[in-house]
Amino acid sequence: AQSVTQLGSHVSVSEGALVLLRCNYSSSVPPYLFWYVQYPNQGLQLLLKYTTGATLVKGINGFEAEFKKSETSFHLTKPSAHMSDAAEYFCAVSGSNTGNQFYFGTGTSLTVIP
Amino acid sequence: DTGVSQNPRHKITKRGQNVTFRCDPISEHNRLYWYRQTLGQGPEFLTYFQNEAQLEKSRLLSDRFSAERPKGSFSTLEIQRTEQGDSAMYLCASSLGAGKYNEQFFGPGTRLTVL
């Protein structure tokens, strides 16, 4: 079984500051991990994904995440926050054996303070 | 636009009425998923199709819910005898395949309000 925990339902950062959104997963098989962003009244947009290979993955809009198997984590970071980064962020896991449904975390709402 | 589309975007209905939503996936994607998202929560899996076959259903999908994908292209999700607890955003996603190819592309969702 797979599950995701996102620590911190709300995160506030100043514009230009480091963004760190935490995601820990539980999976009985090697996981595939994803970060999605959701703007108000819109669907989810993929930021980045980890399937196999390099554990540091880079995504769109300057975001990146590192898969740490020993810590069962997949935290999302961005060196310098922009106002346009304000949104809801969801971490998701799926299993490499079936790769069917995604299990999503409860989300982290990011506020960027000017 | 070659993304996932959903119609309608918003639906307001009275309790007890039936509603139907439509999802058009990315054309070459053979997998289609339905999720439900309530306020302050992440999307929760409802069901998925591979081509026209419905292969998995969540226990969230009560017998009032039915989904179809008759020709392996678009899909419909019907809710019969709606209840206020059905109020949520219903999201559709599609993907090319399984495993590492299971990058799911989401539509904008249908927001259902049951009065």
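To start, this report covers the structure provided alongside it. Model, not experiment: these values are computed from the prediction.

1. What about the overall build of chain A?
For step 1, the next point in the chain: A tally of helices and strands in chain A yields zero helices and twelve strands.
For step 2, the next point in the chain: Against the globule reference of 13 Å for 114 residues, chain A gives a C-alpha radius of gyration of 13 Å, in line with a compact fold.
For step 3, the next point in the chain: Once the C-alpha set of chain A is aligned to its principal axes, its extents read approximately 45 × 30 × 20 Å.
For step 4, the next point in the chain: Long-range contacts, defined here as pairs at least 24 residues apart, represent 57% of the contacts in chain A between residues at least 6 apart.
For step 5, the next point in the chain: Summing over all exposed atoms, chain A offers an accessible surface of approximately 5,100 Å²; the carbon and sulfur share of this is 52%.
For step 6, the next point in the chain: In chain A, 6 positive and 6 negative side-chain charges are present, and the distance between their average locations comes to 8 Å.

2. Considering the packing of aromatic side chains
For step 1, the next point in the chain: As enumerated under the stated definition, the model contains 18 aromatic pairs over all chains in all.
For step 2, the next point in the chain: The interplanar angle of 55 degrees and the centroid separation of 6.0 Å between the aromatic rings of A:Tyr36 and A:Phe104 together place this pair among those described as tilted. One end of the pair, A:Tyr36, is in strand β5 (residues 31–38); the other, A:Phe104, is in strand β11 (residues 103–104), and 68 residues separate them in sequence.
For step 3, the next point in the chain: For the ring pair A:Phe104 and B:Phe106, a centre distance of 5.9 Å and an interplane angle of 75 degrees mean the geometry is edge-to-face. Residue A:Phe104 is located in strand β11, and its partner B:Phe106 is located in strand β10 (residues 105–106); the two belong to separate chains. Across the pair, B:Phe106 and A:Phe104 agree in class, each one buried.
For step 4, the next point in the chain: Counting every residue linked through ring pairs, the aromatic cluster contains A:Phe34, A:Tyr36, A:Phe90, A:Phe102, A:Phe104, B:Tyr33, B:Tyr35, B:Phe45, B:Tyr48 and B:Phe106.

3. Examining the environment of A:Leu44
For step 1, the next point in the chain: Within the fold, A:Leu44 resides in strand β6 (residues 44–50).
For step 2, the next point in the chain: Here the alpha-carbon distance between A:Leu44 and A:Leu76, two residues 32 residues apart in the chain, equals 16 Å.
For step 3, the next point in the chain: Not counting the four nearest positions on each side in its chain, A:Leu44 is found in contact with A:Tyr36, A:Val37, A:Gln38, A:Phe90, A:Phe104, B:Gln37, B:Pro43, B:Leu91, B:Phe106 and B:Gly107.

4. Focus: the environment of A:Phe104
For step 1, the next point in the chain: On the basis of relative accessibility, which here comes to 12%, the residue A:Phe104 falls in the buried class.
For step 2, the next point in the chain: Remark: the alpha-carbon pair of A:Phe104 and A:Val29, spanning 75 residues in sequence, is separated by 16 Å.

5. Some thoughts on the nonpolar core
For step 1, the next point in the chain: Of all hydrophobic cores here, the largest spans 26 residues; its most connected members are A:Trp35, A:Leu48, A:Phe74, A:Leu76 and A:Tyr89.
For step 2, the next point in the chain: Of all the elements in the fold, those that place two or more residues in this core are β2 (10–14), β3 (19–21), β5, β6, β8 (64–68), β9 (73–78), β10 (87–95) and β12 (108–113) of chain A.
For step 3, the next point in the chain: In terms of residue count, β10(A) provides more of this core than any other element does, four residues in total.
For step 4, the next point in the chain: A:Tyr89 has contacts with A:Gln6, A:Leu21, A:Trp35, A:Tyr36, A:Val37, A:Leu47, A:Phe63, A:Leu76, A:Gly107, A:Thr108 and A:Leu110, leaving out every residue within four places of it along the chain.
For step 5, the next point in the chain: One finds B:Ile79, B:Ala88, B:Tyr90 and B:Cys92 within the second-largest nonpolar core, a separate group that totals 19 residues.

6. Brief notes about unusual backbone geometry
For step 1, the next point in the chain: Cis rather than trans, the peptide bond between B:Asn7 and B:Pro8 has omega equal to -10 degrees.
For step 2, the next point in the chain: Mapping B:Pro8 onto the fold places it in the loop between β1 (5–7) and β2 (10–13).
For step 3, the next point in the chain: Its identity as a non-glycine residue notwithstanding, A:Asn61 has a phi of 60 degrees, on the positive side.
For step 4, the next point in the chain: Mapped onto the elements of the fold, A:Asn61 is located in the loop between β7 (56–58) and β8.
For step 5, the next point in the chain: The phi angle at B:Asn51 is positive, at roughly 55 degrees, despite the residue not being glycine.

7. Structural notes on the sheet that holds strand β3 (residues 19–24) of chain B
Residue and element names in this part refer to chain B.
For step 1, the next point in the chain: Strands sit in the order β1-β3-β8-β7 across an open sheet of four strands; the sheet is antiparallel. Sheet topology places β1 and β7 (65–68) at the edges, where each strand pairs with a single neighbour. Strand-to-strand twist in this sheet, taken as the mean axis angle between neighbours without regard to direction, amounts to 15 degrees.
For step 2, the next point in the chain: One ladder, built from five bridges, connects β3 with strand β8 (residues 75–79); its direction is antiparallel. Each bridged residue has a counterpart across the sheet, and for Cys 23 the counterpart in β8 is Ser 75.

8. Notes on the side chain of B:Ser58
Residues and elements named next belong to chain B.
For step 1, the next point in the chain: Here Ser 58 lies in the loop between β6 (53–57) and β7.
For step 2, the next point in the chain: Classification of Ser 58 by relative accessible area gives buried; the value is 16%.
For step 3, the next point in the chain: A polar atom in the side chain of Ser 58 sits 3.3 Å from the backbone oxygen of Phe 45.
For step 4, the next point in the chain: With residues near it in sequence (within four places) discarded, Ser 58 still touches Phe 45 and Leu 46.

Thresholds, definitions, all that
- Residues numbered from 1 in each chain as written.
- Chains lettered and ligands numbered in written order.
- Predicted model: local features only at pLDDT ≥ 70, side-chain atom pairs only at ≥ 80, totals over all residues.
- Heavy atoms only, no water.
- Helix = DSSP H or I, 4+ residues; strand = E, 2+ residues; numbered from the N terminus.
- Rg over C-alpha atoms; globule rule 2.2 N^0.38 Å.
- Contact = heavy atoms within 4.5 Å.
- Areas by Shrake-Rupley, 256 points an atom, 1.4 Å probe, with all protein chains shown as cover.
- Lys, Arg positive; Asp, Glu negative; His and termini not counted.
- Charge placed at Lys NZ, Arg CZ, Asp CG, Glu CD.
- Phe/Tyr/Trp six-rings, centres within 6.5 Å; stacked < 30°, edge-to-face > 60°.
- Buried < 20%, exposed > 50% of the residue type's maximum accessible area, 1.4 Å probe, protein only.
- Core = buried A, V, L, I, M, F, W, Y, C linked by side-chain atoms within 4.5 Å.
- Pairing = 2+ DSSP bridges.
- Axes fitted to C-alpha atoms, helices over the stretch in contact; angles between N-to-C directions.
- Polar contact = N/O pair within 3.5 Å; in protein donor to acceptor, adjacent residues only side chain to side chain.

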